[in-house]
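Examination of the molecular architecture
Each chain, written out:
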Amino acid sequence: MLKQWDKAIEHPTPTRGSVPAEVVIGGVRIAPATVLAPMAGVTDTVFRRFIKNASVFQSSAAVPVDGNGVDTAQKNLAEAVEATTSNQQSGCGLIMTEFTSADGLSRMRESKRKRYLTYYDDEHPISAQLFGSNPETLAESAKIVEDAGFDLVDLNLGCPAKRVVRCNGGSGLLRDLPLIAKIFEAVRSAVSIPFTVKFRLGWSDANIICVELAELAEDCGLNALALHARTREAGYTGLAQWHWIAAVKDAVSIPVIGNGDVRTPENAAALVEQTGCDAVMIGRAAPANPWIFRQIAQYTESMAATGVGVYDKPTDEDRYRMIRTYFAMLLEEMDAQGAVGRECMGKMKQFASWFTHGVPGGAGLRKAIFAAKTGEQVLGAVEEFFAKRHEAGEDDIAPGVMLSDVAEEAYCD
Ligand SMILES: Cc1cc2nc3c(=O)[nH]c(=O)nc-3n(C[C@H](O)[C@H](O)[C@H](O)COP(=O)(O)O)c2cc1C
């Protein structure tokens, strides 16, 4: 499978599109209308909270203005502080768990389930994603998800991994619409929280069924759809075929979340402009650029205010601080789960590796990180790298980089 994220061809950029301020899915308000895509091995609770925090931005739109158009913040310091605090908002509207096997979940002991479905209060609204092919098991697991307090439950009909497809799960189901209908009905009647589906265009270019599937979902009472605009056969190659997102949007009246190849705020605006989708979902760009959601929010606001989209670009210092924050959060969580050790080291290495994609000289750093034996050594390699860049007066990273091939392998096969 060809994977060339860093050199990928780009979708044309927009002239006037912008990501909607909100989307309401079955009564749950997602504001702004942006979603962190589920990614196996990536979107655990630490990463999800890390992204939500990195996405926080200061909304100027809500700063109170008096009758003469004067910002009241200038008049009264106390009010200003209050306004500042209340205007802080995360640019990431919804987060999702990694996909979880419905078969596994329904068989697991209560204590083990907790580990799979761990989330914290500050993660709301949060959706749990399930995969499987048995309607009863999926319905039972959806109920478990609802009882665990998730705001939404999502069904995965997109995973291309052979081991998932072999059991008819993920994108394997795209070849069996009647079975999908049974699953939709079973899950729908099992839960009252919003129920959504994330799917691909179809099995192959000769079998594109996304519009039929979307209509079926709406008929069965699902509350929203997320479409990754590629076929199973395409894997991650070529450009996502956004025109199919537009076709699905035309066919249904429930919210449609567009997904595929959004790596910059300009891409997000272009996706909305070209498809009319109600929300934008971002996957691979987030681990390499955790500020992507904040940048989209800044771009949207400045576009509305001035007609020119601008956003902060992280400096090396930001990037360095971000790695350290993530490591601290990871250690805390692993400690809470009694899992500090190899797993933690693995995650540190994985993250540092994604996070340095697009950074000039990043390959050398990744090599040093993979040779490290302890957390201190990983951190030491990171520190040395950024110190050298600072000394050399080098700055900044390439915009719009994506998650490395290494991590993607984990989900594909
Ligand atoms: C490492 C990795 C793991 C993924 N795991 C999941 C998953 O658990 N569930 C799912 O629906 N999609 C999964 N995906 C697909 C993404 O959610 C998303 O649809 C895809 O990457 C396209 O969006 P992007 O171009 O913004 O990355 C995964 C993708 C990657 C790269």
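Everything here concerns the structure above.
So, how was this worked out
- Residues numbered from 1 in each chain as written.
- Predicted model: local features only at pLDDT ≥ 70, side-chain atom pairs only at ≥ 80, totals over all residues.
- Heavy atoms only, no water.
- Axes fitted to C-alpha atoms, helices over the stretch in contact; angles between N-to-C directions.
- Helix = DSSP H or I, 4+ residues; strand = E, 2+ residues; numbered from the N terminus.
- Left-handed = near helix turned anticlockwise from the far one by under 90°.
- Contact = heavy atoms within 4.5 Å.
- Nonpolar A, V, L, I, M, F, W, Y, C, P; charged D, E, K, R; others polar.
- Near = heavy atom within 4 Å.
- Polar contact = N/O pair within 3.5 Å; in protein donor to acceptor, adjacent residues only side chain to side chain.
- Areas by Shrake-Rupley, 256 points an atom, 1.4 Å probe, with all protein chains shown as cover.
- Phe/Tyr/Trp six-rings, centres within 6.5 Å; stacked < 30°, edge-to-face > 60°.
- Buried < 20%, exposed > 50% of the residue type's maximum accessible area, 1.4 Å probe, protein only.
- Core = buried A, V, L, I, M, F, W, Y, C linked by side-chain atoms within 4.5 Å.
- Salt bridge = Lys/Arg side-chain N within 4 Å of Asp/Glu carboxyl O.

Moving on: the packing of helix α1 (residues 45–54) against helix α14 (residues 316–336). Look at α1 against α14: their axes get within 10 Å of each other, and the N-to-C directions meet at 140°. In this structure, α1 crosses over α14, and the sense of that crossing is right-handed. In this structure, α1 contributes T45, V46, F47, R49, F50, N53 and A54 to the contact, and α14 contributes M322, Y326, M329, L330 and E333. Taken together, the residues of the contact of α1 with α14 sort by class into eight nonpolar, two polar and two charged.

A few words now on the site of the ligand. Around the ligand, a shell composed of 20 residues is seen, among which A40, Q129, N259, D261 and R284 lie nearest. In this structure, a nitrogen atom belonging to the ligand sits 3.2 Å away from a side-chain N or O atom of N156. Side-chain polar atom of R284 to an oxygen atom of the ligand: 2.6 Å apart, as the coordinates give it. Protein coverage of the free-state accessible area of the ligand, which is 610 Å², stands at 100%. With three residues, the top contributor of residues to the shell around the ligand is helix α18 (residues 405–412).

The way to describe two aromatic rings as a pair is by their centre distance and the angle between their planes. Inspection of every chain in the model, using the stated rule, returns 14 aromatic pairs. Ring centres 6.3 Å apart and planes at 45° place the aromatic pair F47 and F50 in the tilted group. Residue F47 and its partner F50 are both found in helix α1; the two are separated by three residues, about one turn of the helix. The exposure classification of F47 matches that of F50, with both residues buried. On the basis of an interplanar angle of 50° and a centroid distance of 4.6 Å, the ring pair of Y119 and F150 is categorised as tilted.

Counting 99 residues, the largest nonpolar core has L157, F184, F199 and L225 as the members making the most contacts within it. Sort the elements by how many residues they give to this core and α14 lands first, with eight residues. Setting aside residues up to four positions removed in sequence, F199 forms contacts with L157, G158, L174, C210, L213, A214, L225, A226, L227 and H228. Among the nonpolar cores identified, the runner-up in size contains 15 residues, and V23, I25, A226 and I257 belong to it.

For the rest of this paragraph, the subject is the pattern of salt bridges. Counted under the stated rule, the structure contains 13 salt bridges. We note a salt bridge from E110 to R113, for which the minimum N-O separation is 3.7 Å. In this pair, E110 and R113 both sit in helix α5 (residues 110–116), three residues apart, roughly one turn of the helix. Taking relative accessible area as the criterion, R113 reaches 17% and is therefore assigned buried. Across the pair K388 and E384 runs a salt bridge whose closest N-O atoms are separated by 3.2 Å. Linking K388 with E384, this pair stays in helix α17 (residues 375–391), spanning four residues, or about one helical turn. Classification of K388 by relative accessible area gives exposed; the value is 51%. Residue classification places E384 among the partly exposed residues on the basis of a relative accessible area of 48%. Ionic contacts of the salt-bridge type, sharing partners, join the residues R48, R49, E123 and E333 into one network.

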